[in-house]
Amino acid sequence: MNKGYFGSFGGMFIPEILQETFRRLIEAYEAARADPEFWQEYLSLMENYSGRPTPLTFAENLSRQYNTRVYLKREDLNQTGAHKANNVMGQGLLVKRMGKRRVIAETGAGQHGVATATMAARLGLECVIYMGAEDVDRQRPNVFWMEQLGATVVPVTAGSRTLKDAINEALRDWVGSMDDTHYVLGTACGAHPFPEMVAWFQSIIGEEARAQILKLEGRLPTHIYACVGGGSNALGIFQAFLPETRVELIGVEAGGKGNQLGQHAARLAFEGGKVGVAHGYKTFFLQNSDGQMRDTHSVAAGLDYVGVSPILAHLHQEGRVRFEAATDGEVVAALKELMAQEGIIAALESSHAVAGALRELPDLADDSLVIINLSGRGDKDIFTIADALDDAKWRGFIQHKAAHYAAMDSESNR
Ligand SMILES: Cc1ncc(COP(=O)(O)O)c(C=O)c1O
């Protein structure tokens, strides 16, 4: 098979000027992959810094209610609260190996930016994060943390001032800085070797889950649910179970407000995506008939991406992974149920996986064994969740804070 291709998806659609940088990256990645000491160093860092292995928590109350054994893989317990840590720390070690001293990344909601800034601080690297100016305004708490961690956040004012403009700006930076800079991609997308490399670092999730479920239950799960933005947490848990065809793998995309183009980010479940080439690779993108990328919508900023991992596109075409979509409403209801039943505050992204599972649990056979991948924790979503739940006390708190700052400003202007 052609390197970097998964069926007909993937590839390396990059400008001539980046060819040499990618050649060196592929070389470093392949050498690291062939070196068991590199993986040991990675495991040790993840154990000592990020708290791995993350637990596989038995969801006792949900299991009782649905008469099915349900487990949660707790990626929310990682450093910075999500599976993103697995990927950025892995790429950070690779950066050290390549002898580079600077990292750049682009981020939409800011989670990947915070994770990258954390890694850069820990490994002593200079860090620049590109973010659409619109997103900088919307995601102030994450911008605050990136800056406190020592990163420079560059608000991108071009175009629609969102993620896709930030990607263009980050690529422009890379073209001029590739000798000493690595571009830390946040998910299993983009040009080769990123999809394969990110999936490799994330495979730690499934390797752990497989050993844990065998130890706890003495058998493999029957169903595994994971949310799908770019696809890194889903591939992370799915990979260890791919050869076990009796294990059903279910990817849950953002159904947003419904199945009309522009209202969701479900590239595969709604069959709304069309095959195309963008952002350096070939996959299903949400686009209109003349190939223009469409705007997407999801209550979860991290699932709001027009493309999907080429590895998942291939597994979809092969029929190995089933894709479903959960609407914003179902997701908020699922999060409420998880909090009430298990005392766990999941990220809105992860709540898509929970919603997908809750929809199907009543119809599963009694001897089913379910794992839900909880990719991240929900503290970061407090503004969105409070809005979605229309929490009046939270609104009062924000108004109070705003009045307090306004009073401070007018005092200092006097
Ligand atoms: C908690 C969480 N889960 C899932 C995702 C989606 O990314 P992926 O599909 O690459 O796992 C994100 C992205 O920001 C996230 O923050």
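Residues numbered from 1 in each chain as written. Predicted model: local features only at pLDDT ≥ 70, side-chain atom pairs only at ≥ 80, totals over all residues. Heavy atoms only, no water.

(A) How the structure looks around the overall build of the chain. From N to C terminus, the chain includes 15 helices and 14 strands. Contacts in the chain between residues at least 24 apart in sequence constitute 73% of all its contacts with a sequence separation of at least 6. For the chain, the exposed surface amounts to about 17500 Å²; the carbon and sulfur share of it is 50%. Within the chain, one finds 40 positive and 51 negative side-chain charges whose respective centroids are separated by 1 Å. (Helix = DSSP H or I, 4+ residues; strand = E, 2+ residues; numbered from the N terminus. Contact = heavy atoms within 4.5 Å. Areas by Shrake-Rupley, 256 points an atom, 1.4 Å probe, with all protein chains shown as cover. Lys, Arg positive; Asp, Glu negative; His and termini not counted. Charge placed at Lys NZ, Arg CZ, Asp CG, Glu CD.)

(B) Just the site of the ligand, in detail. In the vicinity of the ligand, 17 residues are found, and the nearest of them are Thr187, Gly229, Gly231, Ser232 and Ser375. One of the side-chain nitrogen or oxygen atoms of Thr187 is found 2.5 Å away from an oxygen atom of the ligand. Asn233 is positioned such that a nitrogen or oxygen atom in its side chain is 2.8 Å from an oxygen atom of the ligand. Relative to its unbound accessible surface of 390 Å², the ligand loses 96% to contact with the protein. Taken together, the residues that form the shell around the ligand break down as four nonpolar, 11 polar and two charged. (Near = heavy atom within 4 Å. Polar contact = N/O pair within 3.5 Å; in protein donor to acceptor, adjacent residues only side chain to side chain. Nonpolar A, V, L, I, M, F, W, Y, C, P; charged D, E, K, R; others polar.)

(C) Focus on the pattern of salt bridges. Per the stated rule, a full pass over the model turns up 30 salt bridges. Here Asp179 ties to Arg24 by a salt bridge, and the two come within 3.9 Å at their closest N and O atoms. Of this pair, Asp179 sits in the loop between helix H8 (163-177) and strand S8 (181-183) while Arg24 sits in helix H1 (residues 19-33), and the two are 155 residues apart along the sequence. Since its relative accessible area comes to 63%, Asp179 is described here as exposed. We classify Arg24 as partly exposed; its relative accessible area is 31%. (Salt bridge = Lys/Arg side-chain N within 4 Å of Asp/Glu carboxyl O. Buried < 20%, exposed > 50% of the residue type's maximum accessible area, 1.4 Å probe, protein only.)

(D) The arrangement of the pairing of strand S10 (residues 248-256) in detail. Summarising burial for S10: eight of the nine residues are buried, a large majority. In this structure, strand S9 (residues 223-227) lies alongside S10, joined through five bridges in parallel fashion. Following the sheet pairing, His223 is matched in S10 by Glu248. Chirality of the crossover, the property in question, places the unit of S9, helix H10 (residues 232-238) and S10 among those that are right-handed. Pairing analysis gives seven bridges linking S10 to strand S13 (residues 321-327), with the strands arranged parallel. Bridging from a neighbouring strand, Val252 pairs with Glu324 of S13. (Pairing = 2+ DSSP bridges. Right-handed = clockwise from strand over helix to strand, strands pointing away.)

(E) Fine view of the layout of surface pockets. Volume-wise, the second largest pocket comes out at about 250 Å³. Around the second largest pocket, the lining residues are Arg140, Pro141, Phe383, Trp394, Phe397, Ile398, Lys401 and Tyr405. Put simply, the parts of the chain that give the lining of the second largest pocket at least two residues each are helix H7 (140-148) and helix H15 (392-413). The element that contributes the greatest number of residues to the lining of the second largest pocket is H15, accounting for five residues. Among the residues making up the lining of the second largest pocket, the classes are represented as six nonpolar, no polar and two charged. (1 Å grid on protein atoms, 1.4 Å probe; cavity = no way out; pocket = protein on both sides within 12 Å on 5 of 7 lines; lining within 4 Å. Points joined across faces, edges and corners; volume = space filled by probe spheres on them.)

(F) Representation of the sheet that holds strand S4 (residues 69-74) within the structure. Spatial ordering of the open sheet is given by S3-S4-S14-S9-S10-S13, a layout of six strands whose pairing is mixed. Single-partner strands in this sheet number two, and they are strand S3 (56-58) and S13. Each neighbouring strand pair of the sheet contributes to a mean axis angle of 25°, computed without reference to strand direction. Pairing analysis gives three bridges linking S3 to S4, with the strands arranged antiparallel. Bridge pairing links Thr57 to Leu72 in S4. Strands in contact with helix H9 (residues 194-217) are S3, S4 and strand S14 (369-374); relative to S4, the strand with the most contacts, it is inclined by about 145°. (Axes fitted to C-alpha atoms, helices over the stretch in contact; angles between N-to-C directions.)

(G) Focus on the pairing of strand S12 (residues 281-285). For S12, a buried count of four out of five residues is recorded, marking the element as mostly surrounded by other parts of the structure. Alignment of strand S11 (residues 274-278) against S12, held across five bridges, turns out to be antiparallel. Bridge pairing in S12 places Val277 opposite Lys282. Adjacent in sequence and paired antiparallel, S11 and S12 are bridged by two residues, among which His279 carries a positive phi angle near 50°.

(H) The arrangement of a nonpolar patch on the surface in detail. A surface patch of nonpolar side chains, about 330 Å² in accessible area, is lined by Ile382, Phe383, Phe397 and Ile398. Among the secondary structure elements, those contributing two or more residues to the nonpolar patch are helix H14 (382-388) and H15. Relative to the helices and strands, Ile382 resides in helix H14. Residue class for Ile382 comes out partly exposed when judged on its relative accessible area of 39%. (Patch = residues over 30% accessible without salt bridge, like charges linked within 9 Å, V, L, I, M, F, W, Y side chains within 5 Å.)

(I) Summary view of the side chain of Thr187. Along the chain, Thr187 turns up in the loop between S8 and H9. Assessed through its relative accessible area of 17%, Thr187 is described here as buried. At 3.4 Å, the side chain of Thr187 and the backbone nitrogen of Gly231 are in polar contact. Setting aside anything within four residues of it in sequence, one finds Thr187 in contact with Asn87, Val198, Gly230, Gly231 and Ser232.

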